[in-house]
Amino acid sequence: MQTISTNIEANIAVLEKLFTDCGDVVKRKFSVGSRTSNVLYMIYLDNLVDRDTIERRIIEPIVRSGWRGEDAGNLNMLEYLSNGGITTVDFSQTQDFAEMVDAVLSGDTALFVDGYSGGLVVSTKGWPNRGVQSAETEVVVQGSKEAFSETFRINTVLIRRRIRDTRLKLKQMYIGERSKTSVGIMYMDDIVRHDILEELEKRLNSIEIDALLDVGYVEQMTADDWLSPFPQYQTTERPDKAAAAILEGRIVVVVDNSPFVLILPTTLNSMMQAAEDYYQGWEMMSATRILRYMAVFMGLSLPALYIAIAVYHPSMLPTLLIHKLAEARRDVPFPATLEIILMDFAFELLREAGVRLPSAIGGTIGIVGGLIIGQAAVEAGLVSPIVVIVVAVTGISTFVIPSFRLVNGFRLMKYVLIFFASILGLFGFWIGFLIVLLHLSALKSYGIPYMFPYVAGEVNRYADYKDTIVRAPLFMMKKPPLFANPLSGKRLQGRHNGKVRSKE
């Protein structure tokens, strides 16, 4: 560790060398008061700081004070600045040169005083940001419209304002040899499972990387099973969803420069839930969840089922439907499997094009392109109309699933089922489906089974079944989920039908 020298010229020489060819670094050396020996050196990064804070809270008070050593009693200049010379409470004193440099790169201002082996770090962060925008990937009809931004402190505040409890903790660390990215772990101290918290800290501390540019880096470098296409963290851009997860005993990882946060541990069931599920009545939301699970099944298996039945088991269909199917495929030169793959490939191209194009025309291109390509392919005799319908329904089904990361996993597994169904028919389809189920059952997220509570539900006395395919009324969900510390007690004290339901 290099310490700050008492010779300010030596400190300036080090800084000049470190920040060579850095045109955005602002440096100023000036004297204070009537004595030319009272020399200060200030350094900060332009547009990464709040200039108003620097001028009004640092420069103006120092210049106006006309500080002279004989007027300050036994206080030296560094002590004088620390004891009122700087009119802001957010500053610290250090003797570590590396700490000063890191602070400057983070948007703070560093002050060096000639003759003293120490410096001041004043918080002056003021970099440009988008502020709080509306959610784009997790849109709801009823509920908060706020979304996380790329600014670390804004994201932590959005969670803090929803949980006004001193037991909400934030552990902050810096990851990345060059980026030194701020990473925060947020949790409820009395609800979280501390063994999971310790395991997360261990994994984060083991990350060795030059730059941590997005929350996805953390997810990929700390996942339990990196070979699995299914996400082992839940991602969200909604502060209300993150706050609700924390209150369930789960942990939220906030990464600077990312508008998404990670939630852990996670299960398949939790990723099938949307924030809006808890803002409306249980009857409609239960029906919506059933629809989502049906969409998962169709998005995963519909193309493979079509291949298995059309090629190997047409006798399972009604006679009239068999004739329609045969007539539709009469002039098609490709086998059913190749038909499905070609149309699915076209649909995936349209999906990616819609994502990359500007939002104003992205949706239009997807709809118009799908209609044109589908109609043209049918008229050219390259595919049958039924295949267009199958691929379209499969694609639409994936849009119903709340977690886009989970959708990606099912999109890949769909081809596993297609492969087996094209070889062995329905028998192959069920083999592929069983492989997917076995894989999901074998996954774990920080020790929690991925298929919980559909497996091992008895561990929590089946209480988690109240929040699965069918969502029970809120007043019935009194027991904390498996994610929470078993000693945390009940999570609900509410009123229903005029009667107070107290904690048990």
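Parameters and conventions
- Residues numbered from 1 in each chain as written.
- Predicted model: local features only at pLDDT ≥ 70, side-chain atom pairs only at ≥ 80, totals over all residues.
- Heavy atoms only, no water.
- Helix = DSSP H or I, 4+ residues; strand = E, 2+ residues; numbered from the N terminus.
- Rg over C-alpha atoms; globule rule 2.2 N^0.38 Å.
- Buried < 20%, exposed > 50% of the residue type's maximum accessible area, 1.4 Å probe, protein only.
- Contact = heavy atoms within 4.5 Å.
- Areas by Shrake-Rupley, 256 points an atom, 1.4 Å probe, with all protein chains shown as cover.
- 1 Å grid on protein atoms, 1.4 Å probe; cavity = no way out; pocket = protein on both sides within 12 Å on 5 of 7 lines; lining within 4 Å.
- Points joined across faces, edges and corners; volume = space filled by probe spheres on them.
- Nonpolar A, V, L, I, M, F, W, Y, C, P; charged D, E, K, R; others polar.
- Salt bridge = Lys/Arg side-chain N within 4 Å of Asp/Glu carboxyl O.
- Axes fitted to C-alpha atoms, helices over the stretch in contact; angles between N-to-C directions.
- Parallel < 35°, antiparallel > 145°, perpendicular 65-115°, else oblique.
- Left-handed = near helix turned anticlockwise from the far one by under 90°.
- Arc of directions from axis to C-beta.
- Pairing = 2+ DSSP bridges.
- Polar contact = N/O pair within 3.5 Å; in protein donor to acceptor, adjacent residues only side chain to side chain.
- Patch = residues over 30% accessible without salt bridge, like charges linked within 9 Å, V, L, I, M, F, W, Y side chains within 5 Å.

(A) Inspection of the overall build of the protein chain at higher detail. In terms of helices and strands, the protein chain carries 15 helices and 14 strands. Taken against the 2.2 N^0.38 rule, which gives 23 Å for 504 residues, the C-alpha radius of gyration of the protein chain at 30 Å runs more than 25% over that of a compact globule. Projected onto its principal axes, the C-alpha positions of the protein chain cover 105 × 60 × 40 Å. Residues counted as buried form 46% of the 504 residues belonging to the protein chain. By sequence separation, contacts in the protein chain at least 24 residues apart represent 63% of the contacts at least 6 residues apart. Just so you have it, the protein chain exposes about 25,400 Å², and 58% of that area is on carbon and sulfur atoms.

(B) Empty space enclosed by the protein, seen in detail. Scanning the entire structure with this criterion turns up one cavity of 30 Å³ or more. By volume, the largest cavity amounts to about 40 Å³. Looking at the largest cavity, the residues that line it are Glu138, Thr235, Thr236, Lys241, Phe260, Pro402, Ser403 and Phe404. Among the residues making up the lining of the largest cavity, the classes are represented as three nonpolar, three polar and two charged.

(C) Region of the structure containing the pattern of salt bridges. For the structure shown, the criterion picks out 24 salt bridges. One salt bridge in this structure joins Lys27 and Glu16, with 3.1 Å as the shortest N-O distance. Of this pair, Lys27 sits in strand β1 (residues 25–31) while Glu16 sits in helix α1 (residues 8–18), and the two are 11 residues apart along the sequence. Its salt-bridge partner being Glu138, residue Lys241 comes within 3.1 Å of it at the nearest N-O pair. Residue Lys241 is located in helix α8 (residues 239–247), and its partner Glu138 is located in the loop between β5 (119–122) and α5 (152–160); the two are separated by 103 residues in the primary sequence. Accessibility expressed as a relative area gives 13% for Lys241, which makes it buried. Given the relative accessible area of 12%, Glu138 is considered buried. Beyond isolated ion pairs, a larger network of salt bridges with shared partners links Asp344, Glu348, Arg351, Arg411 and Lys414.

(D) Main features of the packing of helix α10 (residues 282–312) against helix α12 (residues 336–356). Running from N to C, α10 and α12 cross one another at 155°; their axes reach a closest spacing of 9 Å. In terms of orientation, α10 and α12 fall into the roughly antiparallel class. You can see that α10 and α12 cross each other, and the crossing is right-handed. Seen from α10, the contacting residues are Pro303, Tyr306, Ile307 and Val311; seen from α12, they are Ala336, Thr337, Glu339 and Ile340. Of the residues belonging to the contact of α10 with α12, the class tally is six nonpolar, one polar and one charged.

(E) Here's a closer look at unusual backbone geometry. The omega torsion across Leu264 and Pro265 is -15°, close enough to zero to call that bond cis. Mapped onto the secondary structure, Pro265 falls in the loop between β10 (261–264) and α9 (268–271). A cis amide bond, omega 5°, links Phe452 with the succeeding residue Pro453. Its place among the elements puts Pro453 in the loop between β12 (448–449) and β13 (494–496).

(F) Geometry of α5. Residues of α5 that are buried include every one of Phe152, Asn155, Thr156, Leu158 and Ile159, and no others. Within α5, the buried residues cover an arc of 155° as seen down the axis, which keeps them to one side. Taken together, the buried residues of α5 touch β6 (168–175), β7 (181–188), α8 and β9 (251–255).

(G) Representation of the sheet that holds β6 within the structure. An order of β6-β7-β9-β10-β8 is seen for the five strands of this open sheet, with the pairing classed as antiparallel. Two strands close off the open sheet at either side, each with one partner strand: β6 and β8 (234–236). Strand after strand, the sheet turns through a mean of 25° between neighbouring axes, direction not considered. Alignment of β6 against β7, held across eight bridges, turns out to be antiparallel. Pairing of Lys171 across the sheet is with Ile185, part of β7.

(H) Here's a closer look at the sheet that holds β5. On the basis of which strands lie adjacent, the open sheet formed by five strands has the order β1-β2-β4-β5-β3 and antiparallel pairing. Unpaired on one side and paired on the other, β1 and β3 (91–94) mark the two borders of the sheet. Strand-to-strand twist in this sheet, taken as the mean axis angle between neighbours without regard to direction, amounts to 20°. With four bridges connecting them, β3 and β5 associate as antiparallel partners. Bridged to Gln93 within β5 is Leu120. Against the sheet, α1 touches β1, β2 (39–45) and β4 (109–113), its axis set at about 15° to β2.

(I) Focus on the side chain of Glu339. Following the sequence through the fold, Glu339 ends up in helix α12. A distance of 2.8 Å separates the side chain of Glu339 from the side chain of Arg329, its partner in a polar contact. Among residues more than four places away in sequence, those in contact with Glu339 are Tyr306, Arg329, Val332, Phe334, Leu382, Val383, Ser384 and Val387.

(J) Quick look at a nonpolar patch on the surface. A surface patch of nonpolar side chains, about 410 Å² in accessible area, is lined by Trp282, Ile290, Met294, Ile469 and Val470. Since its relative accessible area comes to 36%, Ile290 is described here as partly exposed.

In short, the description is geometric, and any link to function would need to be established separately.
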